[in-house]
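# Fold and geometry: a report
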Amino acid sequence: MDIWDKLLRFLASRGADTENLALQQKLTPDRGFGLFAIHRIPPHSELLILPPPCITPPLPPPSYSSIKGIYDEAFKEYIALLPESFSYHPLDAFISTKNSLRKKLVSFAPPQIKKALLALETRFREDWNIVQAYLARHPRLKNPEANQDDFLWAWLNGKQHNMDWDRDSIQTERFSQHAMRISPTQDAIEQPRQLFAVSNFGHGKPFKFNSVVIIEIRHRSAIWPHAKWLDDFVSSRKDDIKAGSELFLQYGPHPNSRLFVDYGFVDLNNQSRSEVDITDLLEQILLEDGQDGLYRKELLEAQGYWGDWTLHGGDAPFPSYRLIVALRLYHSQVQGRDNSVEVKAWQGVVLGLQDTVSAANEKTVRESLNQICTGLQRRAERGLELLQQERKKMGDTNSDDENILGCVEHLWREEHDVAVSLSTAIQIGVGW
C-alpha cells in the first residue's frame, strides 16, 4: 500500500469521505508526485472536506519541532508526506553549515533579497532561542536527538503553510486553539516550488505556470464536537477541470522576491507581478540630505509613507504610489519646515486636496525616477556578470545548487527588465 492509499485510509478512519474522491495521486516523469483529477469536475466544486479529527490539535512550536516523535503514531501517514529536506531553500543555505556553495550563491542575490533573507534568518534564530528556553523548562518534551536542523525543518514546514510561531503563547505557556495546526492532504498536492526547485530547474528547464488548476483551501465552521473549524478544499476555477488535469495550491498574488525568500522558488511566468523593492536605495538617497533628510523622514513616517517603495513591471510598468509620494517630498524645498510652501503643498497632495506639488516638482520626480531606473539597470547587469563568472568556476553542481543559481539569476533579470520597461514608459510620457 503506497503513501497516498495509507493517507486516504487514515482520513477515512477519522470521518472524511474518501469514497467519492475525484482526485488521485500520480507519479510524474520528472517532478515527483502530483494530484490529478480522475474525471471532469464542475466549477467551484468541493474536492475534499477534512473534518476536525483529520487535523492535528493546536501545537506549540516545541511539539511541532519534535513532531516526528510526538505525533508519529497518530499522524504518521501525514508526516510521510512532508518534505524530507528543504535543501533547495535559501534560508537552509544561510543557516546550514553543509551548504557553503549554496550560501555563496545566495550572497550574489540582489541587495533587497539578501536583506529579506537576513530578516528571515534573524526571526528563525530568535524563535529557536525561545523554543530552547521552553524545552529547558520542560525537559520531558525534549528529543535528545533533535537539533537546530530539525527545528529548521519544522519551522520551514510552518512557513510553507503561512504559519508563524505564536511567541506570546510559548512564553506565557497558554496555547489557544489558534496557536498552530497542521492539515494533511495539503502536502499531498504537488506545489509549484517542488516543480521548479526539485525537478525542472535541476534539469535546466525552468518551469512556467501557464494554465494551472488551483485549489483553494477554506477554513469554515464545523458542526463537530469540541471543534469550530474544518478544512474545505475547493476548485477556484470558473470552468470545468478536465479529467487528467493536475491540481496545485494557490500561493497568492506574490512577487518573485516573496516567493523566493519564503518558499524557495520563482515563477518564470510571473511577469504581470514583477516587482523590485528599492527601499534600501531610496533610504540612502533621502538620508544623504542631513537634517533636511531626517525631517523628510519624520514627515513620511507621520503620514505612513516611509519605506516599502517599489517599482512594478509587466505590460504597464509603474512606480508604487508610496514611492511617488516620497519622491515628491524629496524634491520639495523644506527650509522653514512646516511653514514651507512646498511642504504644505505636499501635505495637500497626501490629503487629496490637490493633484501635484507643482508642475516643476512633477517633472523632477520623473527625471529622478528615470535616474533610479538607469542605476538599477546597471546594477542588475553587474550582478548578472558576477553570477556568470561564478557559474564558470562552480564545476559539478546538484539540482539544489542549480535551483538557487537559477532563482538568483532570474531575480536579477527581473530587476533589469522592470528598470528598462519603466524607464521606457517615463521617456515616452506615460502617466500614473
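Our subject in this report is the structure included herewith.

Analysis parameters
- Residues numbered from 1 in each chain as written.
- Predicted model: local features only at pLDDT ≥ 70, side-chain atom pairs only at ≥ 80, totals over all residues.
- Heavy atoms only, no water.
- Helix = DSSP H or I, 4+ residues; strand = E, 2+ residues; numbered from the N terminus.
- Buried < 20%, exposed > 50% of the residue type's maximum accessible area, 1.4 Å probe, protein only.
- Contact = heavy atoms within 4.5 Å.
- Areas by Shrake-Rupley, 256 points an atom, 1.4 Å probe, with all protein chains shown as cover.
- Axes fitted to C-alpha atoms, helices over the stretch in contact; angles between N-to-C directions.
- Parallel < 35°, antiparallel > 145°, perpendicular 65-115°, else oblique.
- Left-handed = near helix turned anticlockwise from the far one by under 90°.
- Nonpolar A, V, L, I, M, F, W, Y, C, P; charged D, E, K, R; others polar.
- 1 Å grid on protein atoms, 1.4 Å probe; cavity = no way out; pocket = protein on both sides within 12 Å on 5 of 7 lines; lining within 4 Å.
- Points joined across faces, edges and corners; volume = space filled by probe spheres on them.
- Core = buried A, V, L, I, M, F, W, Y, C linked by side-chain atoms within 4.5 Å.

### A few points about the overall build of the chain
A tally of regular secondary structure across the chain gives 17 helices and 9 strands. Per-residue burial for the chain yields a buried fraction of 52% across its 432 residues. In the chain, once contacts between residues fewer than 6 apart in sequence are set aside, the share between residues at least 24 apart is 72%. Carbon and sulfur atoms form 49% of the exposed surface of the chain, whose accessible area is close to 20,800 Å².

### Re the packing of helix H16 (residues 359-394) against helix H17 (residues 399-427)
Remark: H16 packs on H17, axes separated minimally by 8 Å, with the N-to-C direction vectors making an angle of 155°. One way to sum up the angle between H16 and H17 is to call them roughly antiparallel. Classified by chirality, the crossing of H17 by H16 is left-handed. In terms of residue class, the contact of H16 with H17 is built from 15 nonpolar, 7 polar and 8 charged.

### Digging into helix H11 (residues 256-263)
Taken across its 8 residues, H11 has 6 buried, putting it largely inside the fold. Among all positions of H11, only Asn256, Leu259, Phe260, Val261, Asp262 and Tyr263 are buried.

### Things to note about empty space enclosed by the protein
Tallying each qualifying case throughout the model produces 1 cavity of 30 Å³ or more. Looking at the largest cavity, its volume works out to about 70 Å³. Lining the largest cavity are Pro110, Gln112, Ile113, Ser257, Glu275, Val276, Asp277, Leu411, Glu414 and Glu415. Elements that contribute at least two residues to the lining of the largest cavity include exactly helix H7 (111-137), strand S7 (275-277) and H17. Of the residues belonging to the lining of the largest cavity, the class tally is 4 nonpolar, 2 polar and 4 charged.

### Thoughts on the nonpolar core
Grouped together as the largest cluster of nonpolar side chains are 38 residues, with contacts concentrated most on Leu91, Ile113, Leu117, Phe124, Trp155, Phe260 and Val408. With 8 residues, the single largest contributor to this core is H7. If sequence neighbours within four positions are ignored, Leu91 has contacts with Leu117, Leu120, Glu121, Phe124, Leu152, Trp155 and Leu156. Core analysis: the next-biggest nonpolar cluster, separate from the first, contains 33 residues, Ile278, Trp306, Ala326 and Ala345 among them.

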